Each structure stands twice: as C-alpha cells, then as structure tokens.
Amino acid sequence: MSESKHSAANTAAAPLTVRACGPLSGTARVPGDKSISHRSVMLGALAVGETRITGLLEGEDVLATAEAFRRLGAQVERQDSGEWVVNGVGLGALKEPDDILDMGNSGTAARLLMGILAGQPIRTFLTGDASLRSRPMKRVIDPLTAMGARVYSREGGRMPLMIQGADMVLPITYELPVASAQVKSAVLLAGLTARGETAVIESVATRDHTERMLTHFGGTVSREELSGGAARIAVQGEPELTGADIVVPADPSSAAFPLVAALLVPGSEVRLPNIGMNPTRTGLIQTLIEMGGDIAIENERVAGGEPVADLLVRHSSLRGVAVPPDRAASMIDEYPILSVAAAQAEGKTVMRGVEELRVKESDRIAVMVAGLRANGVAVSDGEDWMEVEGRPGDVPGGATVATHLDHRIAMSFYVLGLIAKKPVTIDDEAPIRTSFPNFRTLMQGLGAEA
Ligand SMILES: O=C(O)C1=C[C@@H](OP(=O)(O)O)[C@@H](O)[C@H](O)C1
Ligand SMILES: C=C(OP(=O)(O)O)C(=O)O
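Residues numbered from 1 in each chain as written. Chains lettered and ligands numbered in written order. Predicted model: local features only at pLDDT ≥ 70, side-chain atom pairs only at ≥ 80, totals over all residues. Heavy atoms only, no water.

An unreviewed UniProt entry lists the protein under the name 3-phosphoshikimate 1-carboxyvinyltransferase, from Pacificispira spongiicola. Note on the protein: under the UniProt heading Subcellular location (unreviewed entry), the record states "Cytoplasm". Here is the UniProt Catalytic activity (unreviewed entry) comment for the protein, exactly as written: "3-phosphoshikimate + phosphoenolpyruvate = 5-O-(1-carboxyvinyl)-3-phosphoshikimate + phosphate". (UniProt positions renumbered as here; feature names shortened; annotations may be inferred.)

Enquirer: Before we go on, may I ask you to explain the overall build of the protein in this structure?
Expert: Scanning the protein from N- to C-terminus turns up 14 helices and 23 strands. Relative to the compact-globule value of 22 Å for 450 residues, the protein shows a C-alpha radius of gyration of 21 Å, a close match. Along the three orthogonal principal directions, the C-alpha set of the protein runs to about 60 × 50 × 45 Å. Residue pairs in contact within the protein that sit at least 24 positions apart in sequence constitute 76% of those at least 6 positions apart. (Helix = DSSP H or I, 4+ residues; strand = E, 2+ residues; numbered from the N terminus. Rg over C-alpha atoms; globule rule 2.2 N^0.38 Å. Contact = heavy atoms within 4.5 Å.)

Enquirer: Sorry if this is basic, but what is going on with the UniProt feature "domain: Enolpyruvate transferase" (unreviewed entry) in the protein here?
Expert: The feature "domain: Enolpyruvate transferase" (unreviewed entry), as annotated in UniProt, sits at residues 19-440 in this numbering. Its end C-alpha atoms 13 Å apart, residues 19-440 is made of 29% helix and 26% strand.

Enquirer: Got a minute to help me understand the site of ligand 2 in this structure?
Expert: Lys34, Gly107, Thr108, Arg135 and Arg408 are the nearest of the 13 residues found near ligand 2. At 2.8 Å, a backbone N or O of glycine 107 approaches an oxygen atom of ligand 2. Contact between ligand 2 and glutamine 182: an oxygen atom at 2.9 Å from a side-chain N or O atom of the residue. Contributions of two or more residues to the shell around ligand 2 are made by helix 4 (107-117) and helix 13 (407-419). Of the residues contributing to the shell around ligand 2, the split by class is no nonpolar, six polar and seven charged. When residues of the shell around ligand 2 are sorted by domain, at least three fall in each of domain 1 (5-32 + 249-446) and domain 2 (34-247). (Near = heavy atom within 4 Å. Polar contact = N/O pair within 3.5 Å; in protein donor to acceptor, adjacent residues only side chain to side chain. Nonpolar A, V, L, I, M, F, W, Y, C, P; charged D, E, K, R; others polar. Domains from an automatic or database assignment.)

The following block contains the structure:
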C-alpha cells in the first residue's frame, strides 16, 4: 500500500507529531454523520423534487458521492448558508456519465452507488484510490448480478470496474454472508427499481440509516424480526420518492476520537452536543461505560428521524473488558480507537469477531497491532481477534506509525500521542479529511497542541 492518492495528486504525505497535553475542556462540535450524509445525497438524487440537507459532512468521502451524482445528472449544490440542496432526477433516470467516476477512499460511496447503478439502464466505470481499489467488491457484485446487473471487475472483484445496469431488475431475497450495512443497502437500493419486493436477511443488526431514510422519502420498507436476533428487511419496488428535508446528526464514529481523548487525558471534561445515538451505532459508548468511562447521556431526543443526545465526558480510570462479538456491527469503525483506550485501561481488553476490520480502508487489525507495538503497547492478534494488555499512565510512545490511507488509524494514533510518554508521529494526516476535515482544529480548541 505504498501508493497514495495524495502522492498521485502530487501532494507529499503530511506527517504529524503529537505530544502529551494538559486537560482537554470545552465543547466539541463534531461534523455530520458520514453514513447519513452519503445516503441523503443519493436518495435526494433518486427522488423527484428538492432535498435540503442541513449539517452534511463536507469530508472527501461525501464530496466524492456529491460529484458522482452530479456526473449522473442530479443537481447537488452547496448554498452560502452551508445547507446543501439536491434536485433529483427520479428513479431510473440517471444519465450515463461520460467519464470514469472516482469514489476516492470511500467504500460506502462505491458500494451503495453500485446498488443504485444496478437498477439504471446505463453503463458506468468506477475507480478509487489505492485503498479502495484493494477492497472486496464481490460482496456486492454477487447479489447485484443475481438481480440482473452485469459487472466486469479486476481479478478478485476489485475496482476499477464497469457496471451495466439491468433493463429489468429482478427482486431477490438475499441472506447477507457478512454483517455489512453497505451490502444490505446496495441490495435494497437496487430493489427500488425492481417490480415487487426485494428482501435482505441479516443475522445481526447493522446500521439502518438506509431503511430510515427511504421511509422518510416516501418509500415502503418493512422489518420482520426472525429468531436468534436475525431480521428480514424488505423494500417495495418502484416507490414514488419525493425530495425531503434532512437534518444530519453529528457522527458518533467521529465523536469517538475527542470522546476517548477526554476519557484518557487526566483532568479532562468535554461536552459533545447532538451526537447520533442510533442503537446500531452505539456499541463503543456501551463498551466504554462498561470499562468505567464517565459518559453522561443527556437531552435524548429524535431529530430528522434519528435519535440524538448530548454527551458529557470526564476523565476516568478504565479497566479492560471482553467485548462481545455480537456487538461488533454496532461499533465496527470504533475498534481502532477502542484499542487506544484499552492501552490505558487496567488489564486485558479482548475484541473478538472482528474479521471485517481486515477489509476496511486498511487491515485495521494488522495496522493497529503494528502501531501499538511500535509504541510499546503489549498486543496480540489472530485472524478475527485482537487483545490489548493495558498499562494506565504507562504508554511509552516514541514511534512513527504508518496510516495506510486510513483516517481512523491516523486519528487513533493522534489520541495515543496525547497520553504517551514520548511523542507519537503519524506518517500522513491527509486521510483524516475523508471523514473529519476539522479534526485538528477541534482538538486544538479542546487544548491539544498538534
Ligand atoms: O453503511 C455504511 O455507511 C457503513 C457501513 C460499515 O461498513 P460495512 O458495511 O462494510 O460493514 C462501516 O464500516 C462504514 O464506515 C460505513
Ligand atoms: C470503513 C469506513 O468507511 P468506508 O467503508 O465507507 O470506506 C470508515 O469510515 O471507517
């Protein structure tokens, strides 16, 4: 993974060294939820009429989605007020782009777009950066092919790829082979242009933002609980989707970084307003509370169809825990920062059932293990697990970490630097812009120095 889209764009990697700091304090206004932001642009583009989005995440991943849908014929504009307005083309009316679409670093953008394109009678070419081109797409190619799309990819189902949408999409019932909201969403979005009902069966609950937002735009989505925690989610084809107003909550996966920093840095007290509290996303908060984290959940309310709350986080002495494997889906992007918290927790933290971490922007198990070990933390791993032996107040630090085009790795080691005895260097901070463009300004506002 030596190549980077930043070096390809002639921008040198931007190393960053982070040192221990005094107490963090103040209010951290975290940007909009990435999953919800992608979906609001996508469904806005498929709906008839105007969609107004408040709080859209202006990170590179979502900007890639916005640009792709412009090239597919929708109007996607930022207003001076900061609101985004999407004027959709209606279902099945996207136009064939005249060039390859570059989805950058974003798995969500690529896989959900493939679901949508499976139901459009056009041919589209997709690519991404070195990280995205190494990620598995077969997981969406298989069900979309069963629904009538044709996809030609590189060996092993990798991008670049070409997708030719089906003239007549076949409704299917698809049992997810991996717990993935991206695969679920791709199938449900393809099902929008099918005649009849398309269903997905998931054995554990994955984030349900697609289902909630489809309902908000006038679609018909049902969820039936099956035995053992499984569920069958079905969408009715050919709905009339109408433009809608969306209010995007702050992203709990981004909030995780200042939140864990506040728990770890002695004397800290940080307020995080308006954080998305969708139960399919709150596994990290539950885990940190079990570890002894002082996290007060205040003002719980519903905004724009999603539960939100304000969080008040104070420095805490943490102890290691075993995270149950069936919680993985609800905190899948939070394991890197959890393993940093675990380095500062008394005893062992065990994370099992986390094999999906190996196919994210980087192999997050391998990259976290390498970075923690280099910084003096005792850690071990296997194909689907990772263990960290914590030593409160005794994280040596002092090493440089390779981030492999992975924003969550970069932000996790930034937080490690805040508590380590010697400074921690991340080799490239640029990937942070994919999901949290104002991360450093926000952390500096709380008292961090880097
Ligand atoms: O649907 C989504 O918005 C996402 C689903 C998850 O991926 P998987 O579906 O691959 O688990 C998550 O890791 C990603 O950051 C966002
Ligand atoms: C895995 C992630 O995103 P994506 O799959 O969209 O690249 C993430 O944001 O941690």
